[in-house]
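Okay, here's what each chain looks like letter by letter:
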Amino acid sequence: MEQKNLVAAGVTKKYKNVEVLHPTDITIEPGKIYGLIGRNGAGKTTLLSLLTGQNPQTTGTVTYAGQKVWENEDALGEICFARELNAMLMFGPNSFKGKHYLEMAACYYPNWDKAYAQRLIADFELDTKKKISKLSKGMMSMLTIVLALASRAPITILDEPVAGLDVAMRDRFYRLLLDDYQKTGRTFVVSTHIIEEASSVFEEIILLDKGNLVEKLNTDEYVSQFHYISGKDDVVDQATSGLKVLHSEGLGRQKTVCVRAQKQNVLAAAAGLDVELAPVPLQKIFVYVTGGEKEENLA
Amino acid sequence: MMRSFRNQIRYILQYIGIMVLAMLVAIPYMTIVLHEDTEFSMLSYQAATYFMLLLFSFLFICIFNSSNLMPALQFGATRKGWFRAMLVNKILFAAGGIAAILLATPVAQIFYGQPVVFGGSVFPLFAASALFMASYGAMLGYASARYGAKWLAIGTAVFFIVLIGATVLLLVFLPTERLATLASNPWLVAGLLIACIPPEFIGWLVLRKIPAKG
Amino acid sequence: MQAPLSGTTSIYLQIANLVEDNILKDILLEEEQAPSTNELARLYAINPATAAKGLNLLADEGILYKKRGLGMFVAPGAKTMVQAKRKEAFKSTYIQPLVAEAKNLGLTQQELTHMLAEALQEPSET
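Before going into details, it helps to say that this report is about the structure given with it. (Residues numbered from 1 in each chain as written. Chains lettered and ligands numbered in written order. Predicted model: local features only at pLDDT ≥ 70, side-chain atom pairs only at ≥ 80, totals over all residues. Heavy atoms only, no water.)

**Describing the nonpolar core**
All names here are of chain A. This is how it is decided: The criterion is simple. A nonpolar core is a set of buried Ala, Val, Leu, Ile, Met, Phe, Trp, Tyr and Cys residues joined through side-chain atoms within 4.5 Å. The classification of residues rests on relative accessible area computed with a 1.4 Å probe and restricted to protein chains. Under 20% of the type maximum is buried, over 50% is exposed, and intermediate values are partly exposed. The helix and strand labels rest on DSSP assignments: H or I over at least four residues marks a helix, E over at least two residues marks a strand, and numbering proceeds from the N terminus. Should any heavy atoms of two residues lie within 4.5 Å, those residues are considered in contact.
In this structure, Leu147 and Leu177 are the most contacted members of the largest nonpolar core, which totals 65 residues. A total of 9 residues in this core trace back to one element, the largest contributor, which is helix 5 (residues 137-151). When neighbours within four sequence positions are excluded, leucine 177 is seen to be in contact with Ile33, Leu149, Leu158, Phe188, Val190 and Val201. Counting residues in each nonpolar core, the second largest holds 25 residues, with Ile28, Tyr34, Leu47 and Ile157 among its members.

Take a look at the structure:
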């Protein structure tokens, strides 16, 4: 069976003269759940809209199974991009009712599963007779989740699907996602700000920072490259002298640093020293790598 | 709340702007035809009114469409596909416009006791057209939301038949010499021709590269 | 000395540990079917690939074995294998931290061995 990859080659996006996405190569392989993480304005939505042919790239190409995605009905029918819903459209409030929104979607996705959509609506207790502009943020998210899951598109992309959802709903969403993934083996790309609880769901993570693709790697492999080393400050400094330190914090003489290195290198560096090693959670890695701590220092 | 209010204002201003633009185009044309000889002026006036209504409605439909367009593009509709759907809308509207003129005849007869479409008040024509447009807009919105462009195309086929039927009826009811004068008025013909082209053309130029927004 | 804020290890290792625990406590018996990738993924809301990685780790160590078309089963002698493996790691995971803390508290070797003997006398909590 041929593998239908979604491939972006050297894509960039400029708005006026500002390049919001620098040259990026990325391949979305079928049968995986990807997590797209990046800070606000990192270019997540831009990248996703280029991948899905909803926004023309400034340079580069986007292909699906070797065919151009832009204006290609066959490719577009297999790719679902569930965007964040807004209460406002270009010409005023979003006055579509939820059910019309979904019925419209059903026209465009050849694999649309109506029964599944209805099950999800009932499950979420979603009132689809309400206008979108009258829905709460959480309800809008639920509507996009229904759209994404029921599209049954081989490649399904969700932009901030858990925004405004409470912790129980978020857990429910990831379970639904995994459930459907196990049944169908579809590809999912999920962008989110709430990283920690999602990291166990993502097989690979895609990290964007300031319009650059920083990392695209198996989640476990990525996380295992980071280590906390803690102990007395001079001992910790001694242990980390040859290592790349991403972050450092401490109280008095106590010091904890985060380093990026292979495990055996860290073990070798710490050998014989009175320091403790511990893994770093993905959320923290994200903060250190994307430089979010600058603000902390200012505060 | 403030943001929503400001958006409302922007929306209204945009709408008014488009209306003013449409009138600026329509008024010179109306002045020209109104200065024709008196016997013919009423017909020209009505034609001009119809033209103006067409223009209004096209622009209105353009706005209407673009609010539909965003979700459609988000669902993987192609811009080409949407252009086709817009063209379909156009044909639907032309058919409806002619139907409205024909409908105005009996309506006017009820109100005025005489046929007024060709030689009487413009009001019934206006009212009928407005009525038509309201129902048309509602129908179009519902159809495109519910069934998407495929069913709109089927709808077009049906309306196309109505359009041909209406044209035939128009030709039958309109005296030959008036038809000849109508055709010999270059402004009227040119106006009607122009009315048949621009919004979709401009729409297409804009739509070609437009990004879908959330 | 304060440990860093989070103590989470890789999820696939936790999955492997969990299955090992179940084997040690006789919740999972030898020649019995181990939980499937999908069951684990559903139960813990984790990516099936991660769950599979954990199970494959145990399969590589010979604690589980694959029956084609049926899934993973607990290998004969798995419990002894897990015990041997854990015994090996017992010093570094339990004894060394224990000794480190004892030193911090200034406990003598005598006091420590006495406490150990005492703890061994007490009925087990479970």
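**Focus: the sheet that holds strand 1 (residues 6-15) of chain A**
Residues and elements named next belong to chain A. What counts here: A pair of strands is considered paired only if DSSP assigns at least 2 bridges between the two. Axis definition: a line fitted to C-alpha atoms, limited for helices to the stretch in contact. Angles are taken between N-to-C directions and run from 0 to 180 degrees.
Strand order in the open sheet made by the 4 strands is 2-1-4-5, with antiparallel pairing throughout. Of all strands in the sheet, those bounded by a partner on one side alone are strand 2 (18-28) and strand 5 (67-68). Alignment of strand 4 (residues 59-64) against strand 5, held across 2 bridges, turns out to be antiparallel. Within strand 5, the residue paired with threonine 63 across the bridge is lysine 68. Sitting on the sheet, helix 1 (residues 44-51) is in contact with strand 1, strand 2 and strand 4, with an inclination near 125 degrees to strand 1.

**Some points on the packing of aromatic side chains**
Put simply, the rule is: Stacked, edge-to-face and tilted labels apply to pairs of Phe, Tyr and Trp rings (six-membered ring for Trp) whose centres lie within 6.5 Å, assigned for plane angles under 30 degrees, over 60, and everything in between, in that order. Two thresholds decide whether a charge sits over a ring: the Lys NZ or Arg CZ must be within 6 Å of the ring centre and within 35 degrees of the ring normal.
Enumeration over the complete set of coordinates arrives at 7 aromatic pairs over all chains. Taken together, a centroid distance of 5.1 Å and an interplanar angle of 70 degrees make the contact between A:Tyr222 and A:Phe226 edge-to-face. Overall, A:Tyr222 belongs to the buried group, its relative accessible area being 1%. The exposure class of A:Phe226 is buried, given its relative accessible area of 1%. Put simply, the rings of A:Tyr101, A:Tyr109 and B:Phe75 touch in pairs and so form one group of aromatic residues. The ring of C:Tyr12 carries the charged tip of C:Lys53 above its face, separated from the ring centre by 4.2 Å.

**Some points on the pattern of salt bridges**
All names here are of chain C. Going by this rule: The salt bridge criterion pairs a side-chain nitrogen of Lys or Arg with a carboxyl oxygen of Asp or Glu, the two atoms within 4 Å.
A complete count under the given rule lists 21 salt bridges over all chains for this structure. Salt-bridge contacts for glutamate 61 lead to lysine 85; the nearest nitrogen and oxygen are separated by 2.8 Å. Of this pair, glutamate 61 sits in the loop between helix 3 (48-60) and strand 1 (64-67) while lysine 85 sits in helix 4 (residues 78-105), placing them 24 residues apart in sequence. With relative accessibility at 36%, the residue glutamate 61 sits in the partly exposed group. Salt bridges sharing partners connect three or more residues here, namely Glu20, Asp21, Glu61, Lys85 and Arg86.

**Some details on the packing of helix 1 (residues 11-24) of chain C against helix 3 of chain C**
Residues and elements named next belong to chain C. Selection rule: In this scheme, roughly parallel covers angles under 35 degrees and roughly antiparallel covers those over 145, while 65 to 115 is roughly perpendicular and the rest are oblique. Crossing handedness is read from the near helix: turned anticlockwise from the far helix by less than a right angle, it gives a left-handed crossing, and turned clockwise, a right-handed one. When residue character is reported, Ala, Val, Leu, Ile, Met, Phe, Trp, Tyr, Cys and Pro are called nonpolar, Asp, Glu, Lys and Arg charged, and the others, Gly included, polar.
With their axes 8 Å apart at the nearest point, helix 1 and helix 3 run at an angle of 50 degrees to one another. The angle between the axes of helix 1 and helix 3 places the two elements in the oblique class. The two elements helix 1 and helix 3 cross, and the hand of that crossing is right-handed. Packed against helix 1, whose contacting residues are Ile11, Tyr12, Leu13, Ile15, Ala16, Val19 and Glu20, the element helix 3 presents Thr50, Ala51, Lys53, Gly54, Leu55, Leu57 and Leu58 at the interface. Of the residues belonging to the contact of helix 1 with helix 3, the class tally is 10 nonpolar, 2 polar and 2 charged.

**Quick notes on the interface of chain C and chain A**
Quick reminder of the rule: Simply put, the buried area is the total loss of 1.4 Å probe accessible area from both parts when two parts are fitted together. Under the rule applied, a polar contact is a pair of N or O atoms within 3.5 Å (in protein, one hydrogen donor and one hydrogen acceptor; residues adjacent in sequence only if both atoms are side-chain atoms).
Counting from both sides, the interface comprises 22 residues of chain C and, opposite them, 23 residues of chain A. Of the roughly 2,000 Å² buried between chain C and chain A on both sides combined, carbon and sulfur atoms contribute 51%. The interface formed by chain C and chain A includes 2 salt bridges. Between chain C and chain A we count 7 residue pairs in polar contact (both at pLDDT 80 or more) in total. Counting residues per element, the side of chain C that touches chain A draws most heavily on helix 2 (residues 37-44) of chain C, at 5 residues. When the residues that make up the side of chain C that touches chain A are grouped by side-chain class, the tally is 12 nonpolar, 8 polar and 2 charged.

**Remarks on the sheet that holds strand 13 (residues 226-232) of chain A**
Residue and element names in this part refer to chain A. Here 4 strands make up an open sheet; going across it, the order is 14-15-13-16 and the pairing antiparallel. The open sheet terminates on both sides in strands that have one partner only, identified here as strand 14 (244-251) and strand 16 (275-279). Within the sheet, the average angular offset between the axes of one strand and its neighbour, ignoring direction, is 20 degrees. Note that strand 14 and strand 15 (residues 254-260) share 7 bridges and pair antiparallel. Bridge pairing links histidine 247 to cysteine 258 in strand 15. Packing against the sheet, helix 9 (residues 263-270) makes contact with strand 13, strand 15 and strand 16, and its axis sits at approximately 165 degrees to strand 16. Those strands touched by helix 10 (residues 282-289) are strand 13, strand 14 and strand 15, and its axis lies near 85 degrees from that of strand 13.

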